[in-house]
Amino acid sequence: MTTYAVEVGRRAWERVPRARAWLENVRPSKLLIPAIGIQWITTLALALTVRHNGWLFYQGGDQLWYYVSGGMLAHGDLPTTLVGHGWPAILAPFAALGGPSLVPALPAIVLLDVLVLGPIALLCMYGIGRQIGGRTFGYLVAALWLTVPFIGIKYTDHLYHQRYTELTLPQSFGLTAMADFPSMVAVIVCIYFALRVIDRPDTIEALAAGLAAGTAIAIKPSNAIFLAGVVLGLAYRRRIVVAGLVLAGLAPALLTLALWKYRGLGYLPPFHSEGARALAAGVHTQVVGFNPLHRYINLDRPHPLPQ
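Residues numbered from 1 in each chain as written. Predicted model: local features only at pLDDT ≥ 70, side-chain atom pairs only at ≥ 80, totals over all residues. Heavy atoms only, no water.

Undergrad: In this structure, what is going on with the overall build of the protein chain? I would like to understand it.
TA: Tallying secondary structure elements over the protein chain gives twelve helices and zero strands in all. Reading the helices (α) and strands (β) of the protein chain from amino to carboxyl end gives α-α-α-α-α-α-α-α-α-α-α-α. Looking at the protein chain residue by residue over its 307 residues, the buried ones come to 38%. Summed over its atoms, the accessible surface of the protein chain is roughly 18500 Å², and 67% of this surface lies on carbon and sulfur atoms. (Helix = DSSP H or I, 4+ residues; strand = E, 2+ residues; numbered from the N terminus. Buried < 20%, exposed > 50% of the residue type's maximum accessible area, 1.4 Å probe, protein only. Areas by Shrake-Rupley, 256 points an atom, 1.4 Å probe, with all protein chains shown as cover.)

Okay, here's the thing in C-alpha cells:
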C-alpha cells in the first residue's frame, strides 16, 4: 500500500508542470465563467441553509437608515447625512418602486449584490492575482475566494460558529441591504485597476481606479484608509501623472460627499471639533486639543503605568 501511494504521488507530481502549462495557456473565460456559476450555486446553498425569513437575513440595522435615505432621495428630500451618499443613491430607485418598507425591495437588492457585484469581485480577484503572479496564481486566488469562507464553517470556534454562519457569511455574500458588500466590491475594483496602472500607466485605467475609489468612499467614507496603500504603490513607482489621473477620478465623489455632509449636517465631520470651534472663537487651546481628525486619529500620548 505504501509503494502504491508513493507511485500515485510521483505520477501526480510529474503532471504538475503539464497542468500548470495548461492553466497558463487556457482561455480565462473557460475557467472564470464556470467559477461564476459555482459562486452563484454556493451562495444559493448558503442562503437556503442559514436561518432566514424569506429574503430577510440577519442584518446589523444600518440597512434601514440606508434604505430610508434612499427613499427620501427618490422623493427629492435630503436626509440627515449620517452615512455616505453612495449606497442611498443606488438604493433610491429600489425605494421608489418598493415603497417605504425595505422588505418588498429586498429581492432586487440581494439579486443586484449576488448576480452583478459578486461576479465583479470574483473577476477582479482573479485579475489581482494575475497581476501579482501570473495566470495560475490568479486562478488560485479565485479558487480561494470561492472556498475559504466555507472552509471557515468547518474550523470556526464553536462559540463563534453561529455568529459566523448566520451573521458574517450572509453579509459577506451580499444577502443583505447593508453597504458593506458593495463597498468591498468597489475597493477590490480600485485595487485591481491600481495594480495595473502601477505596473503599466494607462489613462482610462487610472481614471477607473479613481472612480472605483470614489465609489468605495461614497458608500462608506471609512474606506478612505485603503488609499494609503495605493498612494505608496504609486509613489514607489514614481507614477506622478497616474496619481493625478487617479485623483481626477476620485475628486467628483469627494466633492459630492463633502457637499452631502455639509448640506445634511451643516458641517464637515472630519473638521468639526471642540478645538476648532474654540480656536475660531479666540479661546486658547493646546495643539493636541486642536485635532480636526479627532474622530479618526488619536494624538494623545498614552499615560504612564502606575509604579
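So much for the structure itself; the text now carries on.
Undergrad: Looking at this structure, how should I read the packing of helix H9 (residues 203-219) against helix H11 (residues 240-265)?
TA: Angle between the axes and distance between the axes are the two parameters that describe a pair of packed helices. At a minimum axis separation of 7 Å, H9 and H11 run at an interaxial angle of 30 degrees. Between H9 and H11, the angle is such that the two are roughly parallel. Note that H9 runs across H11; the crossing there is right-handed. Across from Thr203, Ala206, Leu207, Ala209, Gly210, Leu211, Ala213, Gly214, Thr215 and Ile217 in H9, the residues of H11 making contact are Val242, Leu245, Val246, Ala248, Gly249, Leu250, Ala253, Leu254 and Leu257. Class assignment for the residues of the contact of H9 with H11 results in 14 nonpolar, five polar and no charged. (Axes fitted to C-alpha atoms, helices over the stretch in contact; angles between N-to-C directions. Parallel < 35°, antiparallel > 145°, perpendicular 65-115°, else oblique. Left-handed = near helix turned anticlockwise from the far one by under 90°. Contact = heavy atoms within 4.5 Å. Nonpolar A, V, L, I, M, F, W, Y, C, P; charged D, E, K, R; others polar.)

Undergrad: Explanation requested: helix H5 (residues 106-133) in the structure shown.
TA: Every α-helical turn comprises 3.6 residues, leaving residues that sit three or four positions apart pointing alike. Between its first and last C-alpha, H5 extends 39 Å over 28 residues, near the 40 Å set by a 1.5 Å rise per residue. One or two positions beyond H5, positive phi appears at glycine 134, with a value near 95 degrees. (Expected span 1.5 Å × (residues − 1).)

Undergrad: I'm lost on the packing of helix H2 (residues 28-49) against helix H6 (residues 135-155) in this one. Help?
TA: Direction vectors running N to C along H2 and H6 enclose 5 degrees, while the axes themselves pass 10 Å from each other. By the angle between their directions, the pair H2 and H6 is classed as roughly parallel. On H6, the residues that touch Pro28, Leu31, Ala35, Ile38, Gln39, Thr42 and Leu46 of H2 are Arg135, Tyr139, Trp145, Leu146 and Phe150. When the residues that make up the contact of H2 with H6 are grouped by side-chain class, the tally is nine nonpolar, two polar and one charged.

Undergrad: Explain the side chain of glutamate 205 here, please?
TA: Turning to its location among the elements, glutamate 205 is positioned in helix H9. Given a relative accessible area of 12%, glutamate 205 falls into the buried group. When residues no more than four places from it in sequence are discounted, the contact partners of glutamate 205 are Phe193, Arg196, Val197 and Arg200.

Undergrad: Explain the side chain of arginine 135 to me, please; I cannot follow it from the model alone.
TA: Examined against the element boundaries, arginine 135 turns out to sit in helix H6. By relative accessible area, arginine 135 is classed as buried at 19%. The residues touching arginine 135, leaving out its near neighbours within four places in the chain, are Leu23, Glu24, Asn25, Val26, Pro28, Tyr126 and Arg130.

Undergrad: Help me understand a nonpolar patch on the surface in this model?
TA: A contiguous nonpolar surface patch, about 710 Å² in accessible area, is contributed by Ile132, Phe137, Leu140, Leu144, Val148, Ile151 and Tyr155. If you tally residues by element for the nonpolar patch, the top one is H6, at six residues. By the secondary structure assignment, valine 148 is in helix H6. For valine 148, a relative accessible area of 44% puts it in the partly exposed group. (Patch = residues over 30% accessible without salt bridge, like charges linked within 9 Å, V, L, I, M, F, W, Y side chains within 5 Å. Salt bridge = Lys/Arg side-chain N within 4 Å of Asp/Glu carboxyl O.)

Undergrad: Help me out: how do you make sense of the environment of isoleucine 219 in this one?
TA: With respect to the helices and strands, the residue isoleucine 219 is situated in helix H9. You can call isoleucine 219 buried: its relative accessible area is 2%. Among residues more than four places away in sequence, those in contact with isoleucine 219 are Tyr66, Gly84, Gly86, Trp87, Ala179, Pro182 and Ser183.

Undergrad: Looking at this structure, how should I read the pattern of salt bridges?
TA: Side-chain pairing between opposite charges can occur once the charged atoms of the two side chains come close. Scanning all chains against the criterion turns up three salt bridges. Its salt-bridge partner being glutamate 166, residue arginine 51 comes within 3.0 Å of it at the nearest N-O pair. Placement of arginine 51 in the loop between H2 and helix H3 (62-74) and of glutamate 166 in helix H7 (residues 161-172) is noted, with a sequence separation of 115 residues between them. Using a relative accessible area of 18% as the deciding quantity, one classes glutamate 166 as buried. Close ionic contact of glutamate 205 with arginine 200 constitutes a salt bridge, the shortest N to O distance being 3.9 Å. A relative accessible area of 42% places arginine 200 in the partly exposed class. What you see here is one network of salt bridges that share partners, running through Arg196, Arg200 and Glu205.

Undergrad: Help me understand unusual backbone geometry in this model?
TA: Keep in mind that most residues, glycine aside, have a negative phi and that most peptide bonds are trans. Although it is not a glycine, arginine 238 adopts a positive phi angle of roughly 60 degrees. By the secondary structure assignment, arginine 238 is in the loop between helix H10 (227-236) and H11. Overall, arginine 238 belongs to the exposed group, its relative accessible area being 73%.

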